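Remarks on the overall topology
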Amino acid sequence: MASIALGGLFKSYGATPVVRGLSLDVREGELVSLLGPSGCGKTTTLRMLAGLEHPDSGVIRIGGETVTGPGVRVPPERRGLGMVFQSYAVWPHRSVEENVAYPLTLRRLAKAEVASRVKEALRWVRLEALATRRPHELSGGQLQRVALARALVASPRVLLLDEPLSNLDAALREELRAEIAALRARLGTTMVFVTHDQGEALALSDRIAVMNQGVIEQVDAPERLYREPATPFVAGFVGGANVLVGQVRDGAFHTAQGDTRFPLPPGTAAPDGPCTLVVRPEDLELGAEGTPLPLSARLFLGHAAEYRFPVGGTLLRVVGPPREVRAGEVLPVRIAKAKLFATG
Ligand SMILES: Nc1ncnc2c1ncn2[C@@H]1O[C@H](COP(=O)(O)OP(=O)(O)O)[C@@H](O)[C@H]1O
Ligand SMILES: [Mg+2]
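Residues numbered from 1 in each chain as written. Chains lettered and ligands numbered in written order. Predicted model: local features only at pLDDT ≥ 70, side-chain atom pairs only at ≥ 80, totals over all residues. Heavy atoms only, no water.

1. What about the overall build of the protein chain?
Across its full length, the protein chain carries eight helices and 21 strands. Seen through its principal axes, the protein chain has C-alpha atoms that stretch 75 × 50 × 35 Å. Summarising the internal contacts of the protein chain: among those between residues at least 6 apart in sequence, 66% fall at separations of at least 24. Each charge class in the protein chain was averaged separately, 40 positive and 36 negative side chains, and the resulting centres sit 5 Å apart. (Helix = DSSP H or I, 4+ residues; strand = E, 2+ residues; numbered from the N terminus. Contact = heavy atoms within 4.5 Å. Lys, Arg positive; Asp, Glu negative; His and termini not counted. Charge placed at Lys NZ, Arg CZ, Asp CG, Glu CD.)

This is the structure in structure tokens:
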């Protein structure tokens, strides 16, 4: 268990900046997710933390010790980390227990000690019964459990996980997600979990760092991030809010394109001027009153339905009780709750 401090990290590949001044503190025993779209620099950040990449500038501390900094470059194997990747990365010709034992044999531990620690790690991930199997005899979820046991067997101070569930089907993903949460509660290991899946991050994390184009836009506990997004990007990425560009005039929002007008609910903090409107699909209502809009599609979701309307060059998504309506019908849409971000 150890704290982590990333301070002012920059990294470019050629002329392309990939991480642009990233700072983040992770407390001892905390699980923090790096959440963001593909290509935003999550893996690069994790690899710098692991010592597999060196930043152009910035400082990394693990457990108070500087492992990356001016003139400092502690190699990966001396950082006390375990890592799990999206690809299962197990040795195909070794059995489950040989795979898990590998980090310990590298350290030349006594055979009996290796055996007992491997057994314990396999118990953590519920693979005791499959110890002598080969990787080709295992499912994707089991392979990822082997990787998890191997990452944990040497009792790392920090566990780094890079999209470990992305290659699994939905049911397995949920199952392994619950196991990671249980393991964490049991072992108390500090974890950094990289994902592009907001549901995964919301379910697992103590805090989430939302990344966009090489910077962190917000770090907060899941509920707070969801309820109080600090930027339009965070609101759009976490919780799938509609994001519209336009301006506020006379208590209403006017889209920049097409000039659709939405009256704002009383109490909305909205000074006149250019702004970005952020409104969650469930905070829009189809009712008797509202801005008349032509429905372009209705998607049945089971417990609810999603209604789509072309507005301001994008599709406005409304989620509400299923209703019998057809594409092409004009329906009144009302904003029940919204947040506005002034744009200079
Ligand atoms: N070794 C590399 N050489 C050149 N470009 C790279 C390298 N690694 C990553 N990149 C680029 O850096 C950006 C961020 O990549 P990455 O950190 O893998 O993002 P993420 O994990 O968030 O999807 C991407 O545009 C990617 O193409
Ligand atoms: Mg990645």
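2. Considerations on helix α3 (residues 111–124)
Helix length check: α3, at 14 residues, gives a terminal C-alpha distance of 20 Å against a target of 20 Å (1.5 Å per residue), a fit within 8%. By the burial criterion, the buried members of α3 are Val114, Val118, Ala121, Leu122 and Trp124. Take α3 and look down its axis: the buried residues cluster within an arc of 145 degrees, on one side only. Exposed residues lying more than 90 degrees from the buried face of α3 are Ala112 and Lys119. For α3, the secondary structure elements touched by its buried residues are α2 (96–106), α4 (140–152) and α5 (170–187). Phi for Arg126, located one or two positions after α3, is positive at around 60 degrees. (Expected span 1.5 Å × (residues − 1). Buried < 20%, exposed > 50% of the residue type's maximum accessible area, 1.4 Å probe, protein only. Arc of directions from axis to C-beta.)

3. Considering the site of ligand 1
If you check the shell around ligand 1, you find Tyr13, Val18, Pro37, Ser38, Gly39, Cys40, Gly41, Lys42, Thr43 and Thr44 and nothing else. Within the contact set of ligand 1, an oxygen atom lies 3.2 Å away from a backbone nitrogen or oxygen of Cys40. If ligand 1 stood free it would expose 560 Å²; the protein chains cover 55% of that surface. In terms of residue class, the shell around ligand 1 is made up of four nonpolar, five polar and one charged. (Near = heavy atom within 4 Å. Polar contact = N/O pair within 3.5 Å; in protein donor to acceptor, adjacent residues only side chain to side chain. Areas by Shrake-Rupley, 256 points an atom, 1.4 Å probe, with all protein chains shown as cover. Nonpolar A, V, L, I, M, F, W, Y, C, P; charged D, E, K, R; others polar.)

4. Details of the environment of Ala101
Position of Ala101 among the secondary structure elements: in helix α2. In the structure, Ala101 is positioned 52 residues away from Val153 in sequence and 7.5 Å away in space, judged by C-alpha atoms. In contact with Ala101, other than residues within four places in its own chain, are Val114 and Val118.

5. Quick look at the packing of aromatic side chains
As enumerated under the stated definition, the model contains two aromatic pairs in all. Judged by centre distance (5.6 Å) and plane angle (10 degrees), the rings of Phe233 and Phe237 are stacked. Here Phe237 and Phe233 lie together in helix α8 (residues 232–237), a separation of four residues that amounts to about one turn. On the accessibility criterion, Phe233 (24% relative accessible area) is partly exposed. Looking at Arg94, its charged tip hangs above the ring of Trp91, at a distance of 5.1 Å from the centre. (Phe/Tyr/Trp six-rings, centres within 6.5 Å; stacked < 30°, edge-to-face > 60°. Lys NZ or Arg CZ within 6 Å of the ring centre and 35° of its normal.)

6. Points about the pattern of salt bridges
Counting across every chain of the model gives 17 salt bridges. A salt bridge links Glu306 to Arg308; its shortest N-O distance comes to 2.7 Å. Residue classification places Arg308 among the partly exposed positions, given a relative accessible area of 25%. (Salt bridge = Lys/Arg side-chain N within 4 Å of Asp/Glu carboxyl O.)

7. Side note on the sheet that holds strand β12 (residues 242–249)
The strands making up a sheet associate through hydrogen bonds between their backbones, and the pairing can be parallel or antiparallel. The five strands lie next to each other as β14-β13-β12-β15-β21, forming an open sheet whose pairing is antiparallel. Across the chains shown, the open sheet's two edge strands, defined by having one partner strand only, are β14 (261–263) and β21 (339–342). On average, each strand axis in the sheet is inclined to that of its neighbour by 40 degrees, with strand direction left out of account. Where strand β13 (residues 252–255) lies against β14, three bridges are found, and the strand directions are antiparallel. (Pairing = 2+ DSSP bridges. Axes fitted to C-alpha atoms, helices over the stretch in contact; angles between N-to-C directions.)

8. A look at the sheet that holds strand β5 (residues 65–69)
Spatially, β2-β1-β4-β5-β6 is the arrangement adopted by the five strands of the open sheet, whose pairing is antiparallel. Each edge of the open sheet is held by one strand with a lone partner, namely β2 (16–26) and β6 (72–73). Packed onto the sheet, helix α1 (residues 42–50) meets β1 (4–13), β2, β4 (57–62) and β5 and runs at close to 120 degrees relative to β1.

9. Describing the side chain of Asn99
By the element assignment, Asn99 lies in helix α2. If near-sequence neighbours (up to four positions away) are discounted, Asn99 is found in contact with Val90, Trp91, Arg94, Pro135, Val146 and Arg150.

10. Overview of the nonpolar core
Nonpolar side chains in soluble globular proteins tend to be buried together. Residues Val100, Val118, Leu122, Leu148, Leu159, Leu161 and Ile180 are the most contacted members of the largest nonpolar core, which totals 36 residues. Residue assignment for this core shows that the elements contributing at least two residues are α2, α3, α4, β8 (158–162), α5 and β9 (190–195). With 27 residues, the next largest nonpolar core counts Val18, Leu22, Val26 and Val32 among its residues. (Core = buried A, V, L, I, M, F, W, Y, C linked by side-chain atoms within 4.5 Å.)

11. Notes on the packing of α2 against α3
Running from N to C, α2 and α3 cross one another at 120 degrees; their axes reach a closest spacing of 9 Å. Where α2 crosses over α3, the two elements pack in a sense that is right-handed. Residues Val96, Glu97, Val100, Ala101 and Leu104 of α2 pack against Val114, Arg117, Val118, Ala121 and Leu122 of α3. By residue class, the composition of the contact of α2 with α3 is eight nonpolar, no polar and two charged. (Left-handed = near helix turned anticlockwise from the far one by under 90°.)

12. Structural notes on the domain arrangement of the protein chain
Assigned domains of the protein chain: these are domain 1 (4–231) and domain 2 (241–342). With centres defined by C-alpha atoms, the gap from domain 1 to domain 2 works out at 39 Å. Of the residues lining the interface, six residues belong to domain 1; the matching set on domain 2 comes to four residues. Approximately 390 Å² of surface area, both sides summed, lies buried where domain 1 meets domain 2, with 41% of it carried by carbon and sulfur atoms. Inspection of the domain 1/domain 2 interface yields one salt bridge. (Domains from an automatic or database assignment. Buried area = accessible area lost by both parts, 1.4 Å probe.)

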